[in-house]
Amino acid sequence: MTTATAPTSAPRPGGYPGAGRLALADWRRRMAALYAEVRALAVQNPEAAWMHWRGVRSALFREHPMSPLPRRARQGFGEIDCYPYDPALRLAAGVAALHGPSETADLDTDGVMTRRAIGRTDGLSDHLGAELTVFWIEGYGGGIFLPLLDGTSGRESYGGGRYLLDGVKGADLGADGDGRLILDFNFAYVPSCAVNPAYTCPLAPPENRLPMTLRAGERLGA
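Source: prediction; values computed, not measured. Throughout this document, residue positions are counted from 1 along each chain, in the order its sequence is written. At least 70 in pLDDT is required for a residue's local features to be given in this predicted model, at least 80 for side-chain atom pairs to be given and counted, and no such filter applies to totals for whole chains, interfaces and linings, which use all residues. Side-chain measures were taken over the full set of non-hydrogen atoms in the model, leaving aside hydrogen atoms and water.

A. Examining the pattern of salt bridges more closely. Between Lys or Arg on one side and Asp or Glu on the other, a salt bridge is scored when a side-chain nitrogen of the former is within 4 Å of a carboxyl oxygen of the latter. Applying the stated criterion to the full structure yields 13 salt bridges. The shortest N-O distance in the salt bridge between aspartate 26 and arginine 29 comes to 3.3 Å. Within this pair, aspartate 26 and its partner arginine 29 are both found in helix H1 (residues 21–42), separated by three residues, close to a single helical turn. Here glutamate 138 ties to arginine 116 by a salt bridge, and the two come within 2.6 Å at their closest N and O atoms. With glutamate 138 in the loop between strand S4 (133–137) and strand S5 (143–148) and arginine 116 in strand S3 (residues 112–122), this pair connects stretches of sequence that are 22 residues apart. Summary of the burial criterion: residues with accessible area below 20% of their type's maximum are buried, those above 50% are exposed, and those between are partly exposed, where the area comes from a 1.4 Å probe applied to protein chains only. Residue glutamate 138 is classed as partly exposed on the basis of its relative accessible area, which comes to 30%. Exposure remark for arginine 116: the relative accessible area of 30% places this residue in the partly exposed category. Secondary structure elements follow DSSP: runs of H or I no shorter than four residues count as helices, runs of E no shorter than two count as strands, and numbering proceeds from the N terminus.

Printed below as a string of structure tokens:
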């Protein structure tokens, strides 16, 4: 597969000099910047935006001190393993409002995450066989959260699901001119706990299991 050129968001040689919370803040800053670049690039060329995303994430996984990869795994690490880009899986969907109850997830040392279902997508079922529940992460700042499961889960990708949107970390693909969410499933990524058991991640709920095998986005290498 073609390799993306060195992106502007890639870490400088040697990575970020801080540690702990400052390094985490830098990681989130870079991720937010990356998704802003992705949204801008995708207006003209969604596949080029995806290649940029993959290249920057791979560089961060190799070099950043907050990489979720264990240190030994970073040695010789090349690129994050992804399925080839599929333009048919870049979709836009409205969101029908829901008022779900608060749900909590114990994230171990990261505390407790509280999320609430705020809507159900409208426009995916013709393409993917089902709609997805969109969550809001409650607390200061909050953010949209969209995890999902599909036929690759537990086989070719992480069994607990993948994430497509996570507003807390800046993972936001934007909206179209009609206000519908851009849901490009080529950007589905495995959570940190899939590559490092030291992390605890919220899992995708059963109602967000797609009936199809979604061979797009990140997968777990053999």
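From this point, the narrative continues.
B. Main features of helix H2 (residues 46–63). Each helix should span, by expectation, one fewer than its residue count multiplied by 1.5 Å. With 18 residues, H2 ought to run about 26 Å at 1.5 Å a step, and its terminal C-alpha atoms sit 26 Å apart, in line with that. Within the sequence span of H2, burial applies to Ala49, Trp50, His52, Trp53, Arg54, Gly55, Val56, Arg57, Ser58, Ala59, Leu60 and Phe61. Whether two residues are in contact is decided by their heavy atoms, any of which lying within 4.5 Å being enough. Next to the buried residues of H2 lie H1 and helix H3 (71–74).

C. View of the packing of aromatic side chains. Only the six-membered ring of Trp is used, alongside the rings of Phe and Tyr, when aromatic pairs are assigned; centres must lie within 6.5 Å, and planes under 30 degrees apart are stacked while those over 60 apart are edge-to-face, with the rest tilted. Counting across every chain of the model gives six aromatic pairs. Ring plane angle 75 degrees and centroid distance 4.9 Å describe the contact between phenylalanine 145 and tyrosine 163, whose orientation is recorded as edge-to-face. Taken together, the residues phenylalanine 145 in strand S5 and tyrosine 163 in strand S6 (residues 162–166) connect sequence positions 18 residues apart. Look at tyrosine 163 and tyrosine 189: their rings are 5.8 Å apart centre to centre, the planes differ by 85 degrees, and that puts the pair in the edge-to-face class. On the criterion of sequence distance, the pair formed by tyrosine 163 in strand S6 and tyrosine 189 in the segment after strand S7 (181–184) is long-range, its members being 26 residues apart. Assessed through its relative accessible area of 5%, tyrosine 163 is described here as buried. Joined through ring pairs, the aromatic side chains of Trp27, Phe61 and Phe77 make up one cluster. Whether a charge sits over a ring comes down to the Lys NZ or Arg CZ being within 6 Å of the ring centre and within 35 degrees of the ring normal. Here the guanidinium or amino end of arginine 115 rests over the ring plane of phenylalanine 135, the centre of that ring lying 4.7 Å away.

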